[in-house]
Amino acid sequence: AQSVTQLGSHVSVSEGALVLLRCNYSSSVPPYLFWYVQYPNQGLQLLLKYTSAATLVKGINGFEAEFKKSETSFHLTKPSAHMSDAAEYFCAVSDGKRDDKIIFGKGTRLHILP
Amino acid sequence: GAVVSQHPSRVICKSGTSVKIECRSLDFQATTMFWYRQFPKQSLMLMATSNEGSKATYEQGVEKDKFLINHASLTLSTLTVTSAHPEDSSFYICSAGAFSYNEQFFGPGTRLTVL
């Protein structure tokens, strides 16, 4: 079975500071990994995805994530936080089949301090 | 491209009534659609997977007679919450997958409030 664990349900960073949201995965097969962002009362927007190509994945809005198999991690980073980054972030995993279900982590609420 | 819509965006109904939520893939043919439920401040929980023309596969603990899913075409899936009760109040999100993509595309969600 696949699963993801997001460390920290709430993370607060100052505007301009580094954003680091942690995600560890568990999978018996090479995983596909995703980070999604959700703003209040809205659906999910894909930030980036890892699909077994480059281990450092660049996404939208300046976010990137690095797949580390040895650590079973896929942490999300952004060098400089912006107020508009305040949202809920979900890490997710699937086994890479086109129609396979995606398993979500519990989410991390990112707060940006002025 | 790869846009998924949901209708309605918000619905309020009385306890005991049924509510239908539509999920449409606007610019691609979705071989599979997924329905999720999200309670406040919680993650998305997969309810069921539907493939066009076949019966939906429900996750453990989801009542298939209460949450009726129909996937009649490659661009439309519907979720009907039958005999809704206040505990069914939630944010329902659909997603759609296609052979030409390696990801699912999510709809904007439907906020259901049962009074």
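The structure under discussion appears in the preceding block.
Here we summarise the structure given alongside this text. (Residues numbered from 1 in each chain as written. Chains lettered and ligands numbered in written order. Predicted model: local features only at pLDDT ≥ 70, side-chain atom pairs only at ≥ 80, totals over all residues. Heavy atoms only, no water.)

## Comments concerning the overall build of chain B
A count of helical and extended segments in chain B gives zero helices and 11 strands. Scanning chain B from its N terminus toward the C terminus, one meets helices and strands in the order β-β-β-β-β-β-β-β-β-β-β. A compact globule built from 115 residues would reach a C-alpha radius of gyration of about 13 Å, and chain B, at 13 Å, matches this within 12%. Its C-alpha atoms give chain B principal-axis dimensions of roughly 40 × 25 × 20 Å. Within chain B, the proportion of its 115 residues that are buried is 52%. The long-range share in chain B, meaning contacts at least 24 apart out of those at least 6 apart in sequence, stands at 55%. Of the roughly 5500 Å² of accessible surface on chain B, 52% is carried by carbon and sulfur atoms. (Helix = DSSP H or I, 4+ residues; strand = E, 2+ residues; numbered from the N terminus. Rg over C-alpha atoms; globule rule 2.2 N^0.38 Å. Buried < 20%, exposed > 50% of the residue type's maximum accessible area, 1.4 Å probe, protein only. Contact = heavy atoms within 4.5 Å. Areas by Shrake-Rupley, 256 points an atom, 1.4 Å probe, with all protein chains shown as cover.)

## Regarding the state of the cysteines
Following the criterion strictly, the structure yields two disulfides over all chains and no others. One disulfide in the model links C23 of chain A with C91 of chain A; its S-S distance is 2.0 Å. The S-S bond linking C23 of chain A to C91 of chain A shows a torsion near -65°; that makes this disulfide left-handed. Of the two residues, C23 of chain A sits in strand β3 (residues 19-26) while C91 of chain A sits in strand β9 (residues 87-94), which places them 68 residues apart along the sequence. Classification of C23 of chain A as buried rests on a relative accessible area of 0%. Disulfide pairing is shown between C23 of chain B and C94 of chain B; the S-S distance is 2.0 Å. (Disulfide = S-S within 2.5 Å.)

Interpretation in functional terms is not warranted from these geometric data alone.
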